[in-house]
Amino acid sequence: MTAFVETLRCRLDGIREQGLWRELRRLDSPAGRWIETGGRRLLNCASNDYLGLAAHPVLRAAAAEAARRFGAGSGASRLICGSLAPHHELEAALADFKGAAAALAFSSGYAAALGTIPALVGPGDVVVLDKLVHACIVDAARLSGAKLRVFAHNNLADLEGILRWSQTRPRPVGEPPGNVLVVTESVFSMDGDQAPLTDLVKLKDQFGAWLMVDEAHATGLYGRQGRGLADALGVAGRIEVQMGTLGKALGAAGGFIAGSRELRELLINRARSFVFSTAPVPAASAAATAGLEVVRSPAGDELRTQLWSRVRQLRDGLANLGWPVPAEPSAILPLIVGDEAAAVELASRLREAGFFVPAIRYPTVARSAARLRVTVSAAHSPEDVESLVRALADGRPADGL
Ligand SMILES: *Cc1c(COP(=O)(O)O)cnc(C)c1O
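Residues numbered from 1 in each chain as written. Predicted model: local features only at pLDDT ≥ 70, side-chain atom pairs only at ≥ 80, totals over all residues. Heavy atoms only, no water.

A. Structural detail: the overall build of the protein. Secondary structure summary: the protein contains 15 helices and 13 strands in total. Taken along its principal axes, the extent of the C-alpha atoms in the protein is 65 × 55 × 50 Å. Every one of the 401 residues in the protein was classed for burial, and the buried ones make up 50%. Element-wise, carbon and sulfur atoms account for 54% of the exposed surface of the protein, whose accessible area totals about 18100 Å². Where the 44 positive side-chain charges of the protein centre and where its 42 negative ones centre are 3 Å apart. (Helix = DSSP H or I, 4+ residues; strand = E, 2+ residues; numbered from the N terminus. Buried < 20%, exposed > 50% of the residue type's maximum accessible area, 1.4 Å probe, protein only. Areas by Shrake-Rupley, 256 points an atom, 1.4 Å probe, with all protein chains shown as cover. Lys, Arg positive; Asp, Glu negative; His and termini not counted. Charge placed at Lys NZ, Arg CZ, Asp CG, Glu CD.)

See the structure below:
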């Protein structure tokens, strides 16, 4: 036992020495516009609840009602006896929202990726990832056993080279040529920039590859009624596998895949994170359905208008201070500091000033690409954004932080 603890202690020392130490910060409030932690009240600039729906009365009521009617837990996996009405209602609403034939809900976005990619590709196939995709996609691709290739971030020429290679790669005699799955995000989680989806769709069609797009940070925000960036660009119908999360702009918890009926059926049969895991709690699924309704309603349009106005305000403020901002508007604004310790130091200075902004370090982003990840919410007021910009004025990159 002591040897075990000693080994872990050594590893922990290593993490600390690299400036990569992480710890949990207990909140004594909901993770809303304001949070209470360590007896202090801080403005929350860290949440992915971009439309402020997690605290919305309609979602709270839907969760409470589902808990009353269906209980706190689902009792088993969906295939055993856990496939409850709230899950089916959510999936029908998701399919309609995405303009897809079908959808399948998972207990998390992580589980959605982890189950889906290995269900679609395996040994003999190729999976091609953008360099900056989320860890769950990397883990899923590794787990699949397919040959893994990575293309430079948003670099179509690099992707084309890989697709060309995939067509000519040597295959054992008599073996089928195998499938090629390209996976990317529409809006990238740590950089807030966008994938060139229109050209990606053209390219994968040209090579007969399949495309999976994770819209975790675009669902609810872009496109008609918040359907996502693929909808905004008019290419949703040409993407084989559309992924999204329910815990970000939709204000609840869970993940989903939307696409053809056959895709849904294959995942029900083959996605191990779906088959071998207890169904999402009914309250989460009911809250997500209610979140979808709000997102699609005129109130949702209003929240989006509010959000984009705050985003514009923050982008202008940051640009004035000399921080580079992503080319296209996004609710995620990374302040790239580089050095891990400097990022932690800036985060702690902002906390002193009353703002909660997380420092993001390796392995979430590359080494020496540490950053503060500022997120904007429709729940923020113009004064909130103004005060954050004022606080940041004390830590401009030009000042060497
Ligand atoms: C958050 C996130 C996920 C994981 O979703 P969870 O529901 O939090 O497990 C997947 N992909 C991306 C891009 C994300 O940002």
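Here the narrative resumes, following the displayed structure.
B. Quick look at the packing of aromatic side chains. For the structure shown, the criterion picks out two aromatic pairs. For the ring pair Phe106 and Phe274, a centre distance of 5.8 Å and an interplane angle of 70° mean the geometry is edge-to-face. Here Phe274 lies in helix 11 (residues 272-275) and Phe106 lies in strand 3 (residues 102-106), a separation of 168 residues in the sequence. Exposure remark for Phe106: the relative accessible area of 2% places this residue in the buried category. (Phe/Tyr/Trp six-rings, centres within 6.5 Å; stacked < 30°, edge-to-face > 60°.)

C. Molecular detail of the confidence of the model for the protein. Of all residues in the protein, 98% attain a pLDDT of 70 or more, and the chain-wide mean is 95. The low-confidence segment residues 397-401, where pLDDT is below 50, has twelve contacts with residues more than four positions distant or belonging to other chains. (pLDDT = per-residue confidence, 0-100. Contact = heavy atoms within 4.5 Å.)

D. The site of the ligand, seen in detail. Neighbouring residues of the ligand: 14 residues in total, closest Gly109, Tyr110, Asp214, His217 and Lys248. Tyr110 places a main-chain nitrogen or oxygen 2.9 Å from an oxygen atom of the ligand. The separation between a nitrogen atom of the ligand and a polar side-chain atom of Asp214 is 2.6 Å. Relative to its free-state accessible area of 380 Å², the ligand is covered by the protein chains to the extent of 81%. Those elements giving two or more residues to the shell around the ligand turn out to be helix 5 (109-120) and strand 8 (241-245). Split into classes, the residues belonging to the shell around the ligand amount to four nonpolar, seven polar and three charged. (Near = heavy atom within 4 Å. Polar contact = N/O pair within 3.5 Å; in protein donor to acceptor, adjacent residues only side chain to side chain. Nonpolar A, V, L, I, M, F, W, Y, C, P; charged D, E, K, R; others polar.)

E. Focus on the packing of helix 12 (residues 282-296) against helix 13 (residues 298-320). Axis separation between helix 12 and helix 13 bottoms out at 4 Å; the angle between their running directions is 75°. Considering their axes alone, helix 12 and helix 13 lie roughly perpendicular with respect to each other. For the pair helix 12 and helix 13, contact is made by Val294, Val295 and Arg296 and by Pro298, Ala299, Gly300, Leu303 and Arg304, respectively. Residues that form the contact of helix 12 with helix 13 fall into these classes: five nonpolar, one polar and two charged. (Axes fitted to C-alpha atoms, helices over the stretch in contact; angles between N-to-C directions. Parallel < 35°, antiparallel > 145°, perpendicular 65-115°, else oblique.)

F. Looking closely at helix 7 (residues 156-168). In a regular helix each residue adds 1.5 Å, so 13 residues correspond to 18 Å; helix 7 covers 19 Å between its end C-alpha atoms and thus fits that length. All buried positions along helix 7 are accounted for by Leu159, Ile162, Leu163 and Ser166. Around the axis of helix 7, the buried residues are gathered within 100° of arc, so they sit on the same side. Opposite the packed face of helix 7, turned more than 90 degrees from it, sit the exposed residues Ala157, Gln167 and Thr168. Buried residues in helix 7 make contact with strand 4 (126-130), strand 5 (147-151), strand 6 (180-185) and helix 8 (197-206). The distance from a side-chain oxygen at the start of helix 7 to the backbone nitrogen of Ala157 is 3.1 Å, and the residue carrying that oxygen is Asn155. (Expected span 1.5 Å × (residues − 1). Arc of directions from axis to C-beta.)

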